[in-house]
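Now for the letters of each chain:
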Amino acid sequence: MDKKKAILVLADGIVFKGFSLGASGEAIGEVVFNTSTMGYQEILTDPSYKGQMVVMTYPLIGNYGINQKDYESRKLFLEGFITKECSPFPSNWRSQISLDDFLKKNGVIGIQGIDTRRLTTHIRDCGVQQGIISTTDFDIASLIQKIQASPGLAGSDLVKTVTCSDVYEWQDVDKDLKESKRYKVVVYDCGVKYNILRKLRDAGCSVLVVPAHTPVQTVFDMNPDGVVLSNGPGDPEAVPYMIENIKGLLGKKPVFGICLGHQLLALTLGLKTYKLKFGHHGGNQPVIDLATKKVEITAQNHNFAVTSPSQGTRQKSPYGDVEITHLNLNDKSVEGLRCHSIPAFSVQYHPEASPGPHDATYLFEQFIEMMKHER
Ligand SMILES: NC(=O)CC[C@H](N)C(=O)O
């Protein structure tokens, strides 16, 4: 394991000195903490982390290595990776390379050997902010200047940097492709996690993935039974072309939004979004279903959220009433919504898990039921 020096500096001047992990150089991004105890490969390959650097709160990461199958997208999009300790001795029958080598191979700059508890409580108390990891420049004033010169996440369209370039059909290599395909689903790829596609395939759907800039008429020409709006990075307000697409879909096709897809659906319905103080990233977020009062433990990864209606759980929209269906029990933020008059619903959390608990898998069946009803 490298014992090369590395430094992490936050925009407000807090400094963490540690050792290099993965590639060398300099990386700038919004620093967010993730409370999952495992699933680091899925986290590293989740495109929603574009523009961000992830600090894992669990102190030992990398102990089961990296394998060929647990990818959640085609590559690593995040800006940096931060851990207390990266295991130099990965041990698992599926492991092919170590976390350190994986980060090196993919050019991701990381830091280890810092007090991640102090870093996490600092972000929790002072709010999310930009940071820089460097293995080359150790001058604090110069590093802060570099952070100040970087644009930050708000207002910039990161979806265009992660979406696929062409339409493709999702094929699960492990599954029998001859099994009957019940419904045809188009997924708008704003940075989609593969497990959303796997779950739709598991539910018996054929799955076509389209780039986020695909005009809605092209989607209608594919004649799907329903459309999924995927997760993705950055500020939902910076993706107006997706809002235009959703306007075209609403009332014409069943729509299911996940995370960024949920925020985009909310904006289209006339609700607003805002930035949380430090976001929700992890696999232990309690969410209540307001209709059944059942609590799900959910996987989450978001820094923006949908603003609650000023009164109650209902709001008028140009598409009829919108109902807030789920709330986060930690901070009461909006976690799900549903349209009353048209087939459309969405959740802020991740029913596909990966990593995280599977309590919310039923939402894929709920979408299937909606498509069945509308057919
Ligand atoms: N996982 C996601 O889709 C994230 C949505 C959005 N980028 C946010 O941070 O809130």
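Parameters at a glance
Residues numbered from 1 in each chain as written. Predicted model: local features only at pLDDT ≥ 70, side-chain atom pairs only at ≥ 80, totals over all residues. Helix = DSSP H or I, 4+ residues; strand = E, 2+ residues; numbered from the N terminus. Rg over C-alpha atoms; globule rule 2.2 N^0.38 Å. Contact = placed C-beta atoms within 7 Å. Domains from an automatic or database assignment. Nonpolar A, V, L, I, M, F, W, Y, C, P; charged D, E, K, R; others polar. Core = buried A, V, L, I, M, F, W, Y, C linked by C-beta atoms within 7 Å. Buried ≥ 20, exposed ≤ 12 C-beta atoms within 10 Å, placed from the backbone. Pairing = 2+ DSSP bridges. Axes fitted to C-alpha atoms, helices over the stretch in contact; angles between N-to-C directions. UniProt positions renumbered as here; feature names shortened; annotations may be inferred. Arc of directions from axis to C-beta.

So, the overall build of the protein chain
- Helices and strands together make up the secondary structure of the protein chain, namely 10 helices and 20 strands.
- Scaling as 2.2 N^0.38, a compact globule of 375 residues should have a C-alpha radius of gyration of about 21 Å, and the protein chain matches this with 20 Å.
- When its C-alpha atoms are laid out on the principal axes, the protein chain stretches across 60 × 50 × 40 Å.
- Contacts spanning at least 24 positions in sequence make up 76% of the contacts within the protein chain whose residues lie at least 6 apart.

What to know about the domain arrangement of the protein chain
- Each assigned domain of the protein chain is listed here: domain 1 (5-149) and domain 2 (159-374).
- Here domain 1 and domain 2 have C-alpha centroids that lie 28 Å from each other.
- Secondary structure elements with two or more residues in the side of domain 1 that touches domain 2: strand 3 (26-34), helix 1 (40-44) and helix 3 (116-126).
- The class makeup of the residues in the side of domain 1 that touches domain 2 is 10 nonpolar, eight polar and five charged.

Focus: the nonpolar core
- Core analysis: the largest hydrophobic core is formed by 101 residues, its most contacted members being V54, L78, F81, V187, Y188, V228 and L229.
- Residues from two domains meet in this core; each of domain 1 (5-149) and domain 2 (159-374) gives at least three.
- Apart from the residues within four sequence positions on either side, V54 is in contact with V32, N34, I43, Y49, L78, F81 and I82.

What about the pairing of strand 20 (residues 344-347)?
- Of the two faces of strand 20, the one carrying A344 and S346 and the one carrying F345 and V347 are both buried.
- Judged from the four bridges that link them, strand 14 (residues 255-258) and strand 20 form a sheet pairing that is parallel. The partner of V255 across the bridge, within strand 20, is A344.
- The sheet contact formed by strand 19 (residues 334-339) and strand 20 spans three bridges and is antiparallel.

Examining the sheet that holds strand 6 (residues 80-83)
- Here seven strands make up a closed barrel; going around it, the order is 1-2-8-6-4-3-9 and the pairing mixed. When the angles between neighbouring strand axes are averaged without regard to direction, this sheet yields 35°.
- Bridging between strand 4 (residues 52-56) and strand 6 involves three bridges; their strand directions are parallel. Among the inter-strand pairings, V54 is bridged to a residue of strand 6, identified as F81.
- Sheet contacts for helix 3: strand 2 (15-22), strand 3, strand 4 and strand 6; angle to strand 4, the most-contacted strand, approximately 125°.
- Lying on the sheet, helix 4 (residues 140-149) is in contact with strand 1 (5-10), strand 2, strand 3 and strand 9 (129-134); it crosses strand 9 at an angle near 130°.

Description of the UniProt feature "binding site: L-glutamine" (unreviewed entry) in the protein chain
- Those residues carrying the UniProt feature "binding site: L-glutamine" (unreviewed entry) are S48, G232, G234, L260, Q263, N301 and F304 in this numbering. Spanning 257 residues, the named residues nonetheless gather at one spot, since no C-alpha pair among them exceeds 13.2 Å.
- Structurally, L260 is set in helix 9 (residues 260-268).
- Residues contacting L260, with those up to four places away along its chain left out, are S48, C190, S230, N231, G232 and P236.

What about helix 3?
- Taken together, the buried positions of helix 3 are T116, L119, T120 and I123. The buried residues of helix 3 all sit within an arc of 95° when viewed along its axis, so they share a single face. Opposite the buried face of helix 3, by more than 90 degrees, sit the exposed residues R117, R118 and D125.
- Against strand 2, strand 3, strand 4, strand 6 and strand 15 (273-289) lie the buried residues of helix 3.
- Looking at the residues trailing helix 3, positive phi occurs at G127, about 95°.

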